[in-house]
Amino acid sequence: MRHADEGTLHSFLDRELSPVEVEELERHLSVCVPCRALLAEARTFMADADELVVALDVHPPRASVPTVAIPARGWRPRPA
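Given the structure is predicted, the values throughout are model-derived calculations rather than measurements.

## Details of the environment of Asp5
- When you line up the elements, Asp5 lands in the segment before helix 1 (6-13).
- Separated by 34 residues in sequence, Asp5 and Leu39 place their C-alpha atoms 9.6 Å apart.
- Among the polar contacts listed, one links the side chain of Asp5 to the backbone nitrogen of Gly7, at a separation of 3.0 Å.
- Side-chain polar atoms of Asp5 contact the backbone nitrogen of Thr8, separated by 2.7 Å.

## Remarks on helix 1
- The set of residues buried in helix 1 consists of Leu9, Ser11 and Phe12. Down the axis of helix 1, the smallest arc covering the buried residues is 160°, so these residues share one side.
- Where the residues of helix 1 are buried, they touch helix 2 (19-29) and helix 3 (33-56).
- With a side-chain oxygen lying 3.0 Å from the backbone nitrogen of Gly7, the N-terminal cap of helix 1 falls on Asp5.
- Count one or two residues on from helix 1 and you reach Arg15, which has phi positive near 60°.

Cut-offs applied
- Residues numbered from 1 in each chain as written.
- Predicted model: local features only at pLDDT ≥ 70, side-chain atom pairs only at ≥ 80, totals over all residues.
- Heavy atoms only, no water.
- Helix = DSSP H or I, 4+ residues; strand = E, 2+ residues; numbered from the N terminus.
- Polar contact = N/O pair within 3.5 Å; in protein donor to acceptor, adjacent residues only side chain to side chain.
- Buried < 20%, exposed > 50% of the residue type's maximum accessible area, 1.4 Å probe, protein only.
- Arc of directions from axis to C-beta.
- Contact = heavy atoms within 4.5 Å.

Now the structure itself:
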């Protein structure tokens, strides 16, 4: 296996790889120091991002409340 790219490593961390892909990547990681370093960096990045989301106390946006247009002064309805 050639070196793992960042997308593959993130898919691995997100548990999106097939069992065969996981086995192949784990075999490669067992002998490749640079890829293990990239994996550690990706884990740190994801942990930092999770902490940031918690720290910011991010909530999904609330549904907007419909607004009612208030007519300008002097507005009158047309006679029918």
